[in-house]
Amino acid sequence: MNIYFICTGNTCRSPLAEALLDNENVAGVEVRSAGIYAVDGMPISANSAQLLNEAGISFDGFSNELKLADMQWAHLVLTMTAGHRDTLRRSFPDMKDKIFTLKEYAGASGGLNVHDPYGGDLATYRKTYMELTELIQSVARQLSEGKQ
């Protein structure tokens, strides 16, 4: 299964989600990430990189802009907010059935949005990292059990 994580700039949340799920080593799962308003090749945030380095998780340190080819590649598109989800569903109406927020796909409670740490200190990023870790572990369990 090909999973595409989407956020705004692809420097904080979606690269963290990509690296975390990739690190789960779920058989048959490939992962990419991008941002709706990202520019290719920008470095991911220093705080995101630091948290991944602390955890010993390898990652691609550069942003990717959202691409049609990657939307087509993906079997599942997981966004960080309901706004991202709705934007993608409007932009790609023929793909709307595979676009969800990460929280709704993971079956999480407490809203649909993953907190955006952009511009925050390391503690703010760590809070988002921990939220994403829980969500990704839930998704990894579901994928391992055969949920599509």
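Source: prediction; values computed, not measured. (Residues numbered from 1 in each chain as written. Predicted model: local features only at pLDDT ≥ 70, side-chain atom pairs only at ≥ 80, totals over all residues. Heavy atoms only, no water.)

Visitor: Honestly, the overall build of the chain in this entry has me stumped. Any pointers?
Guide: A tally of helices and strands in the chain yields 6 helices and 4 strands. Walking the chain from its N terminus toward its C terminus, one meets helices and strands in the order β-α-β-α-α-β-α-β-α-α. Here the C-alpha atoms of the chain give a radius of gyration of 14 Å, agreeing with the 15 Å that 2.2 N^0.38 yields for 148 residues. With the principal axes as the frame, the chain shows a C-alpha extent of 40 × 35 × 30 Å. Of the contacts made within the chain by residues no fewer than 6 positions apart, 69% connect residues no fewer than 24 positions apart. Of the roughly 7,100 Å² of accessible surface on the chain, a fraction of 49% belongs to carbon and sulfur atoms. On the chain, the mean spot of the 13 positive side-chain charges and the mean spot of the 18 negative ones are 6 Å from each other. (Helix = DSSP H or I, 4+ residues; strand = E, 2+ residues; numbered from the N terminus. Rg over C-alpha atoms; globule rule 2.2 N^0.38 Å. Contact = heavy atoms within 4.5 Å. Areas by Shrake-Rupley, 256 points an atom, 1.4 Å probe, with all protein chains shown as cover. Lys, Arg positive; Asp, Glu negative; His and termini not counted. Charge placed at Lys NZ, Arg CZ, Asp CG, Glu CD.)

Visitor: I tried to follow helix H1 (residues 13-24) on my own but got confused; where do I start?
Guide: Every α-helix carries 3.6 residues per turn, so stepping three or four residues along brings you back to the same face. When the terminal C-alpha atoms of H1 are compared, their 17 Å separation across 12 residues agrees well with the 16 Å that a helix rising 1.5 Å per residue should span. Every buried residue of H1 is listed here: Arg13, Ser14, Pro15, Leu16, Ala17, Glu18, Ala19, Leu20 and Leu21. As for H1, its buried residues are in contact with strand S1 (2-7), strand S2 (30-35), helix H2 (46-55), helix H4 (82-91) and helix H6 (122-144). The first or second residue beyond H1 is asparagine 25, which carries a positive phi of 50°. (Expected span 1.5 Å × (residues − 1). Buried < 20%, exposed > 50% of the residue type's maximum accessible area, 1.4 Å probe, protein only.)

Visitor: Help me out: how do you make sense of the environment of asparagine 10 in this one?
Guide: When you line up the elements, asparagine 10 lands in the loop between S1 and H1. Residue classification places asparagine 10 among the buried positions, given a relative accessible area of 1%. Once the C-alpha coordinates of asparagine 10 and aspartate 60 are considered, the two residues, 50 residues apart in sequence, prove to be 11 Å apart. If we ignore the near neighbours within four places in the chain, the residues touching asparagine 10 are Pro15, Ser33, Ala34, Gly35, Ala38, Ile44, Phe62, Ser63 and Asn64. Of note is the side chain of asparagine 10, whose polar atom sits 2.7 Å from the backbone nitrogen of asparagine 64. (Polar contact = N/O pair within 3.5 Å; in protein donor to acceptor, adjacent residues only side chain to side chain.)

Visitor: What exactly am I supposed to notice about the side chain of threonine 128 here?
Guide: Tracing the backbone through its elements, the reader meets threonine 128 in helix H6. Owing to a relative accessible area of 0%, threonine 128 belongs among the buried residues under this scheme. When residues no more than four places from it in sequence are discounted, the contact partners of threonine 128 are Arg13, Val114, His115 and Pro117.

From the geometry alone we can't say anything about function, so treat these as descriptive.
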